[in-house]
Amino acid sequence: MGKQQRTAEETAVVERAFQSLAAGTLGNVTFGKDQALVVREARGSHLWDFSGNEYIDYLLGSGPMVIGHAHPDVTEAVAAALDKGSTYFLTNLPAIELAEEIIRAVPCAEKVRFTTSGTDATFQCLRLARAYRKRDLVLKFEGGFHGMHDYSLMSLAPRAGQLGEFPAPASGSGGIPRAVQETVLVAPYNDLQYTADLLAKRHDEIGAVIIEPMQRVLTPVPGFLQGLRELCTRYEIPLIFDEVVTGFRVAYGGAQEYYDVQPDLCALGKVVGGGFALAAVCGRADIMDYYDPAAIASNDFVPMIGTLSGNPIASVAGLATLQVLRQPGQYEKLFANGRRLMAAVHETLGQHEIPHQISGEPPCFDVYFSPTPVTNYREHLAADGARAARLCAALMRRNILKPGQKFYLSLAHTNEDLAATEQALREAVAEI
Ligand SMILES: Cc1ncc(COP(=O)(O)O)c(C=O)c1O
């Protein structure tokens with residue numbers, strides 16, 4: 001990565017980070033010690049580092065800040081709520097109101113259980129589905145990201161030499177017990193025929209199918225999600241949509257509204273917490289009942305306790321965020337911003353005759369340096385990732401913050417931001 005300038009003050013703060021934080025970072029984005037960025041503050045669509053560099057932010061906290069950083073509706077609601085205490089471990093009105101709003105918004109949501117991270121939400125979905133279905137195996141899709149628990153890390157990002165033979169997973173981390181590795185089956189995203197054949201053979205062992213309906217920035221080919229839905233219905237296997245990214249982003253009702261396919265369970269995170277630690281499991285009432293000791297025999301009941309679950313401050317932030325998103329025209333604006341940037345990337349690369357594919361939906365997309373369409377993880381792996389990294393670095397030197405594999409759009413991005421980004425793109429593409 002590259003940034004314009006690094007002051008002595010930021011260098012000193014980076015030094016402290018390397019003294020106190022494991023690997024010198026939060027583990028999320030690695031710039032290297034000489035380029036490391038420490039955030040001073042962020043407002044709207046802009047973020048400032050300790051050296052005073054100002055960036056147009058397409059990271060947006062890895063997605064949550066879809067209405068922009070420090071939105072006054074959120075900060076005012078949070079400030080007012082803080083006066084009433086910051087956490088209770090007890091049922092509170094903001095949590096009830098947020099659950100009600102999730103049920104109004106998300107097609108599959110009949111009941112809600114809060115947790116504090118997307119990782120926990122997908123993990124809880126898997127356990128709940130297995131409790132209901134009484135089978136152990138989990139089917140996921142290669143390259144699908146569901147957070148940092150053991151199941152999710154299987155076949156998350158295997159490198160070329162580590163690709164296994166489907167449906168055997170590749171382990172994605174040290175420390176995962178072999179027993180868990182043996183509990184996960186993996187299929188290629190967007191391959192309905194493979195998935196159908198696998199389910200025909202193994203359905204009686206499978207407790208849950210989990211998928212990102214838009215896997216990273218790979219969009220589902222027509223019929224894939226519908227076909228998966230039909231298979232799961234046929235074999236009575238709970239279908240889990242991980243909507244941690246897509247929830248309230250690709251539509252108010254998430255990818256299940258956008259692609260018109262309803263799962264049995266859904267994990268929400270990011271936007272729903274308005275930038276605070278909140279995530280949720282939601283779905284069919286008869287499955288969510290497994291959280292209810294009054295409804296379920298004791299050995300099937302699924303306990304789920306969390307110190308900060310349904311935290312009132314996070315709930316208030318989520319409610320304020322959703323209220324902004326519900327205003328007329330907001331998704332049209334978000335999509336218009338995204339479409340404009342997608343077109344700019346496409347045109348600029350086209351002018352230089354650089355083979356590429358724009359992938360994703362306008363609120364969240366990226367570019368693959370590949371001459372052929374990218375529809376699954378192995379095609380993603382075959383694209384020129386080094387060139388993509390060079391583009392991110394060249395953009396960073398022009399104060400466009402997009403360090404990961406996604407452009408996240410927000411309602412806070414202005415015409416001026418987009419015009420400045422287009423100019424930076426022209427220069428950056430010429431450079432790479
Ligand atoms: C699709 C998806 N699922 C789950 C997670 C994990 O969420 P968290 O980082 O809140 O644990 C993420 C995080 O980026 C995600 O993108």
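Quick caveat: nothing in here was measured; it's all calculated off a predicted structure.

1. Examining the pairing of strand E3 (residues 54-57)
Right, so step 1: Of the strand pairs in this sheet, strand E2 (residues 46-49) and E3 are connected by three bridges, and their pairing is antiparallel. Residue pairing across strands places His46 opposite Ile56, the latter belonging to E3.
Right, so step 2: Here E2 hands over to E3 after four residues, with Gly52 in that stretch at a positive phi of 90°.
Right, so step 3: By the bridge criterion, two bridges tie E3 to strand E13 (residues 400-401) in an arrangement that is parallel. In the sheet register, Ile56 faces E13, and the bridge partner there is Ile400.

2. Side note on the sheet that holds strand E14 (residues 407-408)
Right, so step 1: The strand order E11-E12-E14 describes an open sheet built from three strands, whose pairing is antiparallel. Among the strands making up the open sheet, the edge pair consists of strand E11 (357-361) and E14.
Right, so step 2: Relative to E14, strand E12 (residues 364-368) runs antiparallel, the two sharing two bridges. From the neighbouring strand, Cys364 faces E14, where its bridge partner is Tyr408.
Right, so step 3: Packed onto the sheet, helix H12 (residues 330-351) meets E11, E12 and E14 and runs at close to 5° relative to E12.

3. Comments concerning the domain arrangement of the protein
Right, so step 1: Domain assignment breaks the protein into domain 1 (8-70 + 329-431) and domain 2 (72-325).
Right, so step 2: Each of domain 1 and domain 2 has a C-alpha centre, and these two points are 26 Å apart.
Right, so step 3: Taken residue by residue, the interface counts 31 residues in domain 1 and 37 residues in domain 2.
Right, so step 4: Note on domain 1 versus domain 2: buried area summed over both sides is about 2700 Å², and carbon and sulfur give 63% of it.

4. A closer look at the state of the cysteines
Right, so step 1: Inspection of the entire model under this criterion finds zero disulfides.
Right, so step 2: No disulfide involves Cys125; its nearest neighbouring cysteine sulfur is the one of Cys266, lying 7.0 Å away.
Right, so step 3: Cys125 gets classed as buried once you look at its relative accessible area, which sits at 0%.
Right, so step 4: The thiol sulfur of Cys232 is not disulfide-bonded, and the nearest other cysteine sulfur, from Cys108, lies at 13 Å.
Right, so step 5: Residue Cys232 is classed as buried on the basis of its relative accessible area of 1%.

5. Some words on the side chain of His413
Right, so step 1: Structurally, His413 is set in the loop between E14 and helix H15 (415-431).
Right, so step 2: Apart from the residues lying within four places of it in its own chain, the contact partners of His413 are Ser45, Ile56, Asp57, Tyr58, Leu60, Lys333, Asn337, Tyr408 and Leu418.

6. Overview of the environment of His146
Right, so step 1: Mapping His146 onto the fold places it in the loop between strand E5 (137-141) and helix H5 (150-153).
Right, so step 2: Judged by relative accessible area, His146 falls into the buried class, the value being 3%.
Right, so step 3: When near neighbours in sequence (up to four residues on either side) are disregarded, His146 contacts Gly118, Thr119, Thr122, Lys140, Ser152, Ile210, Ile211, Glu212 and Asp242.
Right, so step 4: A polar contact is formed between the side chain of His146 and the side chain of Asp242, at a distance of 2.8 Å.

7. Some points on the nonpolar core
Right, so step 1: The biggest cluster of nonpolar side chains holds 59 residues, and the ones touching the most others in it are Ile102, Val106, Phe114, Phe248, Leu268 and Leu325.
Right, so step 2: Counting residues per element, this core draws most heavily on helix H11 (residues 312-326), at nine residues.
Right, so step 3: Both domains that furnish three or more residues to this core are identified here as domain 1 (8-70 + 329-431) and domain 2 (72-325).
Right, so step 4: Residues Leu225, Leu239, Ala255 and Val374 belong to the second largest nonpolar core, which totals 36 residues.

8. What to know about the sheet that holds E2
Right, so step 1: Read from one edge of the open sheet, four strands run E1-E2-E3-E13, paired in mixed fashion. Whereas interior strands pair on both sides, the edge strands pair on one side only; in this sheet they are strand E1 (39-43) and E13.
Right, so step 2: Its contacts with the sheet put H15 on E2, E3 and E13, and the angle it makes with E3 is roughly 100°.

9. Describing the pattern of salt bridges
Right, so step 1: For the structure on display, the rule yields 19 salt bridges.
Right, so step 2: With its nearest N and O atoms 3.2 Å apart, the salt bridge here joins Arg40 to Glu9. One end of the pair, Arg40, is in strand E1; the other, Glu9, is in helix H1 (residues 8-20), and 31 residues separate them in sequence.
Right, so step 3: Owing to a relative accessible area of 41%, Arg40 belongs among the partly exposed residues under this scheme.
Right, so step 4: Each of Arg229, Asp264, Arg284 and Asp286 takes part in one network of salt bridges that share partners.

10. Comments concerning the packing of helix H2 (residues 72-82) against H11
Right, so step 1: Between H2 and H11, whose axes approach to 9 Å, the crossing angle comes to 150°. Viewed along their axes, H2 and H11 adopt a mutual orientation that is roughly antiparallel. Crossing hand, H2 versus H11: right-handed. Packed against H2, whose contacting residues are Asp73, Val74, Ala77, Val78, Ala81 and Leu82, the element H11 presents Ile313, Val316, Ala317, Ala320, Thr321 and Val324 at the interface.
Right, so step 2: Tallied by class, the residues present in the contact of H2 with H11 amount to 10 nonpolar, one polar and one charged.

11. Topic: the site of the ligand
Right, so step 1: Residues in contact with the ligand, as listed here, are Ser117, Gly118, Thr119, Phe145, His146, Gly147, Glu212, Arg216, Asp242, Val244, Val245 and Lys270.
Right, so step 2: Taking Thr119, its side chain carries an N or O atom lying 2.7 Å from an oxygen atom of the ligand.
Right, so step 3: A distance of 2.8 Å separates an oxygen atom of the ligand from a polar atom in the side chain of Lys270.
Right, so step 4: Residue composition of the shell around the ligand, by class: three nonpolar, five polar and four charged.

Cut-offs and rules
Residues numbered from 1 in each chain as written. Predicted model: local features only at pLDDT ≥ 70, side-chain atom pairs only at ≥ 80, totals over all residues. Heavy atoms only, no water. Pairing = 2+ DSSP bridges. Helix = DSSP H or I, 4+ residues; strand = E, 2+ residues; numbered from the N terminus. Contact = heavy atoms within 4.5 Å. Axes fitted to C-alpha atoms, helices over the stretch in contact; angles between N-to-C directions. Domains from an automatic or database assignment. Buried area = accessible area lost by both parts, 1.4 Å probe. Disulfide = S-S within 2.5 Å. Buried < 20%, exposed > 50% of the residue type's maximum accessible area, 1.4 Å probe, protein only. Polar contact = N/O pair within 3.5 Å; in protein donor to acceptor, adjacent residues only side chain to side chain. Core = buried A, V, L, I, M, F, W, Y, C linked by side-chain atoms within 4.5 Å. Salt bridge = Lys/Arg side-chain N within 4 Å of Asp/Glu carboxyl O. Parallel < 35°, antiparallel > 145°, perpendicular 65-115°, else oblique. Left-handed = near helix turned anticlockwise from the far one by under 90°. Nonpolar A, V, L, I, M, F, W, Y, C, P; charged D, E, K, R; others polar. Near = heavy atom within 4 Å.

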